[in-house]
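Structural features, examined
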Amino acid sequence: MSKMKDSKRGKGDRRTINDGRLIIDCGGCKGTSSLSDGQCLVCICNELSGMGNVSSLVLRSSMDVAVDSDAICAIRELSFVRNLMVGNRSERKGRKCDRCKRSFTALVKDQVASFPDVDFPLLRDRMSQMQFPDQVCALCAGDTIRLLDTMEATLSDVGITDSKVRKEVA
């Protein structure tokens, strides 16, 4: 599902929702259309992001893949964590925070590519080595620690720890 345009024919949406069923057109993708594929899982999280009440999911490709409601709940949680990781949280001091090497965005930047296999001990180690020169930076550091706690707890609740995502979700 990676590197997909609007659809396989270049017309229309690649996702539609009917009565709580999200249908993702995977026709333009060279991936496997499977939850065991990391890129596919990331794409599904991106597509599910911002969607309302989705009760089932269908991946449309050469062979349609249906995903049950239990897996949808897990994917929704993964989507929540992914949104936390890729969202811009640097708004306290504007452009200065955007460029800050101690910001949450800069801290997790290298972990986004390996999502959902996030190395929380590495991130906490990085945080412990940083110094925060003023009160605004200290507030941001506190927010970062709380975000890391939330992300780790969410992934743990879903059953994704220590690179076991493809076994647990699939």
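Here's what I pulled together on the structure shown here. (Residues numbered from 1 in each chain as written. Predicted model: local features only at pLDDT ≥ 70, side-chain atom pairs only at ≥ 80, totals over all residues. Heavy atoms only, no water.)

Before going further, it helps to examine the side chain of Gln 111. Its place among the elements puts Gln 111 in the loop between helix H4 (104-108) and helix H5 (120-129). Given a relative accessible area of 6%, Gln 111 falls into the buried group. In contact with Gln 111, other than residues within four places in its own chain, are Met 85, Asp 117, Val 118, Asp 119, Leu 122 and Leu 123. (Helix = DSSP H or I, 4+ residues; strand = E, 2+ residues; numbered from the N terminus. Buried < 20%, exposed > 50% of the residue type's maximum accessible area, 1.4 Å probe, protein only. Contact = heavy atoms within 4.5 Å.)

Among the nonpolar cores identified, the biggest contains 35 residues, and Ile 44, Leu 57, Ile 75, Phe 115 and Leu 148 are the most heavily contacted of them. Broken down by element, this core gets its largest block of residues, 7 residues, from helix H2 (residues 69-86). Each residue touching Phe 115, except ones within four places of it in the same chain, is listed here: Val 42, Cys 45, Leu 78, Val 81, Arg 82 and Met 85. (Core = buried A, V, L, I, M, F, W, Y, C linked by side-chain atoms within 4.5 Å.)

Next up on the list: the pairing of strand S1 (residues 15-18). In this sheet, strand S2 (residues 21-25) lies alongside S1 in antiparallel orientation, the contact comprising 4 bridges. By the bridge assignment, Asn 18 is partnered in S2 with Arg 21. Counting the residues in the hairpin turn of S1 and S2 gives 2 residues, including Asp 19, whose phi is positive at 50°. (Pairing = 2+ DSSP bridges.)

Here helix H6 (residues 135-158) spans 35 Å end to end across 24 residues, near enough to the 34 Å set by a 1.5 Å rise per residue. Restricting attention to buried positions, one finds in H6 the residues Cys 137, Cys 140, Ala 141, Gly 142, Thr 144, Leu 147, Leu 148, Met 151, Thr 154 and Leu 155. The elements touched by buried residues of H6 are H2, H4 and H5. A side-chain oxygen of the first residue of H6 lies 3.2 Å from the backbone nitrogen of Val 136; this N-cap is Asp 134. Downstream of H6 by a residue or two, Gly 159 has a phi angle that is positive, lying close to 100°. (Expected span 1.5 Å × (residues − 1). Polar contact = N/O pair within 3.5 Å; in protein donor to acceptor, adjacent residues only side chain to side chain.)

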